[in-house]
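Given next are the chains, with one letter for each unit.
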Amino acid sequence: MGGDLSPSLKALDARWGRPGAVRFTERYGGPVALLQAGGASIVIALQGAQVLSYVPANMSEVLWLSPVAKFGTGKAVRGGVPVCWPWFGPHPGDTTQPAHGFVRSAPWTVTGSAASQNRARLVLAFDASTNLQTGWPHRALAELEITLSDALTISLSTENRGSDDLEITQALHTYLAVGDIGGVTAEGFEGRPYLDQLAPGPMRNDAEPVRVTGEIDRIYQECEGPVFVTDEKSARRIRIAKTGSRSTVLWNPWVEKSARLGDMGKEGYRRMLCVEAANAGNDKVTLTPGERHRLTTELSVTVSKAKSKRND
Ligand code: BG6
């Protein structure tokens, strides 16, 4: 991202640093915040307000970051938790607009931090009311509150600052790291209707938990409860809970789409699964002037039974 970043890092540290809990440094060519709490740590890129790493206490990395991710000003980074806002997927009417909105590759501003025993927090904001480069004809504030404790909680608030109703779609596009996709089961989707983005048509649903054996791109509707990703190879289970969201996206590009994307890395698709807390598909959010909406996802990890037995 170029230039001498140290003075601004110093300024960030002076204003928002919290000893032992929140500090700022340069990583991946740009400024990042490092949060620590109770033995857990996260890395947040200020570009995109994108969480790039989450390591719970005594565990390995929970988020997948492509080994060939492209970093740099204005680049969408493949991995971590990109923030898709104020639209999810392609722009509803304008193909010249970027997929998943314009904030995932834009600089956010740090607006708050906090620390207490076993808890660290950072708040970032993107004011789309003043950001004229986006060409977006609305006025709204996006605020991302990231809290690290014995779980990772990410909360995306939207405030309509315009004088008309505002409709948005959005997602916290979480790339979960898995040992091998062949041993992954995603539970909590059973019986939920989904829009199959690979085969548009009437909604479908499955009675069984999901096993990923090829490209998958689904927007589950009426899917509010927590979902679970059990990963045999890593012997752990990730719980993804959420509020303010009735849709969950499940995505893995598999072989051919990975080749088209070009930044997944060799067999990267085997090491990830996206489970995205969303307002997408039929689950759109309409905000009246002054109204706020909050979409929250919470990730927590447990060692799965097979592993704890082996450790007994
Ligand atoms: C998922 C979408 O959320 O994101 C997919 O459901 C899309 O359709 C994927 O391909 C990745 O999008 P992008 O813009 O990061 O390549």
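The structure we're discussing is the one just above.
Residues numbered from 1 in each chain as written. Predicted model: local features only at pLDDT ≥ 70, side-chain atom pairs only at ≥ 80, totals over all residues. Heavy atoms only, no water.

Visitor: Please clarify how the site of the ligand should be interpreted in this entry.
Guide: Around the ligand, a shell composed of 13 residues is seen, among which R104, H173, D217, K257 and E276 lie nearest. Between R104 and the ligand, the recorded distance is 2.8 Å, taken from a side-chain N or O atom to an oxygen atom. Within the side chain of E276, a nitrogen or oxygen atom sits 2.9 Å from an oxygen atom of the ligand. For the ligand, the accessible surface in isolation is 400 Å², of which the surrounding protein chains cover 85%. For the shell around the ligand, the elements supplying multiple residues, two or more each, are β19 (247–252) and α2 (254–261). Counted by class, the shell around the ligand contains five nonpolar, three polar and five charged residues. (Near = heavy atom within 4 Å. Polar contact = N/O pair within 3.5 Å; in protein donor to acceptor, adjacent residues only side chain to side chain. Areas by Shrake-Rupley, 256 points an atom, 1.4 Å probe, with all protein chains shown as cover. Helix = DSSP H or I, 4+ residues; strand = E, 2+ residues; numbered from the N terminus. Nonpolar A, V, L, I, M, F, W, Y, C, P; charged D, E, K, R; others polar.)

Visitor: What exactly am I supposed to notice about the side chain of H293 here?
Guide: As for its position among the elements, H293 is in strand β22 (residues 292–303). In this structure H293 comes out as buried when scored by relative accessible area, which is 15%. One polar contact links the side chain of H293 to the main-chain carbonyl oxygen of G244, over a distance of 3.0 Å. If we skip the residues at most four places from it in the chain, H293 touches L156, S157, T158, Q170, G244, N279, V285 and L287. (Buried < 20%, exposed > 50% of the residue type's maximum accessible area, 1.4 Å probe, protein only. Contact = heavy atoms within 4.5 Å.)

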